[in-house]
Each structure stands twice: as C-alpha cells, then as structure tokens.
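Fold and geometry: a report
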Amino acid sequence: YTTDELMARMITQSDNSATIMLGTQHPEADVIPTLQAMGVTLSFVGDDAYISVRDYASIFRILFNATFLTRKWSNASLHLLSQSLFKDGLAAGVPPDIKVAHKFGERSVDTDVQQFHDCGIIYKPKQPYLLCVMSRGSNLQNLIKSVAEVSAAVYQEVSAPAERN
C-alpha cells in the first residue's frame with residue numbers, strides 16, 4: 001500500500017491496521033506532537049490516550065477554519081473525512097444528501113463497557129455545524145443508534161425556523 005492508500009483506509013474505513021502500518025512506515029510522523037502543536041490535550045492512562053469531546057471537536061474547528069494547515073490541506077483533510085464509508089452515527093441522523101465530514105471510533109473498555117464516539121462537520125447548506133457525541137454503555141449497536149438519534153434531533157433543531165418575537 002502507498003502512504004495515500006493507507007491514509008484513505010485509515011480515515012474512510014477506520015482501519016486500525018492501516019494506522020499501524022502508517023506508523024511503521026513513517027515513525028517520524030508522530031501524531032502526539034502534532035496534536036499538541038494544535039492545542040489539543042491528550043490524557044494518558046498507561047498506553048491508552050484519551051481526548052475530551054471539546055478537544056476532539058477543536059480538531060474539526062481547526063480544519064474548517066484552516067488555522068493550522070493551509071486552506072488546501074485543510075480542505076483535502078475534510079474531503080477525505082467526508083468519504084467515510086460509515087453511514088451510521090452522525091451521518092444516519094441527517095438526510096442522505098447532506099455531506100458529513102466525520103471520524104468515528106469504537107472500543108471495548110472491558111467486557112461490560114463499550115464506547116462509541118462520532119465527531120464531525122454537518123454541511124447543512126448555508127448553515128454548517130459541528131457535532132461531537134461520545135457515548136458509553138453495554139451495547140455498541142444501541143450506542144450507535146443513540147448517536148444517530150442525537151444527530152437527528154440536532155439537525156431538526158438547526159433546521160427549525162427561528163422563533164419570531
């Protein structure tokens with residue numbers, strides 16, 4: 001695989017094997033110093049890294065506003081994020097013609113606790129917005145469904161006509 005192919009698989013398919021292969025091919029491309037330079041704080045417990053929903057969202061804000069990368073590379077990054085093959089979570093809560101640049105993640109904390117997170121930009125015409133939802137519970141499919149429900153509720157709220165006084 002080329003670096004571009006691995007990056008595409010890592011983003012569009014959330015392929016952890018591609019992520020590991022990229023790290024092996026390009027050990028100098030350490031993500032942690034880059035995130036720190038962006039002002040994103042990571043917390044560590046052993047080998048596990050944790051990020052707050054605020055910091056996760058700030059990555060998308062930084063890309064949207066092109067305040068870390070050039071406009072060209074920020075747009076390229078958001079375009080790749082909009083090619084995600086995962087259509088549940090945030091994407092399931094908006095009409096299918098609305099573009100969503102997002103990144104999801106799932107993990108098992110232990111045998112009884114699952115986590116599902118989805119964060120991204122919903123490109124509602126003339127009114128794009130950022131939404132990040134982090135969830136935890138015992139059933140991954142229920143978590144994914146809950147994130148889709150939150151996404152749908154937010155989309156409905158953003159789409160509602162403004163109340164007139």
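Residues numbered from 1 in each chain as written. Predicted model: local features only at pLDDT ≥ 70, side-chain atom pairs only at ≥ 80, totals over all residues. Heavy atoms only, no water.

**Thoughts on the side chain of Lys-124**
With respect to the helices and strands, the residue Lys-124 is situated in the loop between strand E4 (113-122) and strand E5 (129-137). For Lys-124, the contacting residues outside a window of four places in its chain are Ile-98, Tyr-129, Tyr-155, Val-158 and Ser-159. (Helix = DSSP H or I, 4+ residues; strand = E, 2+ residues; numbered from the N terminus. Contact = heavy atoms within 4.5 Å.)

**Re the state of the cysteines**
Across all of its chains, the model carries one disulfide by this definition. Residue pairing for Cys-119: its cysteine sulfur links by disulfide to Cys-132, the two sulfurs lying 1.7 Å apart. Here Cys-132 lies in strand E5 and Cys-119 lies in strand E4, a separation of 13 residues in the sequence. (Disulfide = S-S within 2.5 Å.)

**Points about the side chain of Ser-58**
Secondary-structure assignment places Ser-58 in helix H4 (residues 53-65). From its side chain, Ser-58 meets the backbone oxygen of Asp-55 in a polar contact 2.7 Å long. (Polar contact = N/O pair within 3.5 Å; in protein donor to acceptor, adjacent residues only side chain to side chain.)

**Points about the sheet that holds strand E3 (residues 100-110)**
Strand order across the open sheet formed by three strands is E3-E4-E5, with antiparallel pairing between neighbours. Bordering the open sheet on either side are E3 and E5, each of which pairs with just one other strand. The sheet shows a mean angle of 5° between the axes of neighbouring strands, direction not considered. Pairing of E3 with E4 involves 10 bridges; the strand directions are antiparallel. (Pairing = 2+ DSSP bridges. Axes fitted to C-alpha atoms, helices over the stretch in contact; angles between N-to-C directions.)

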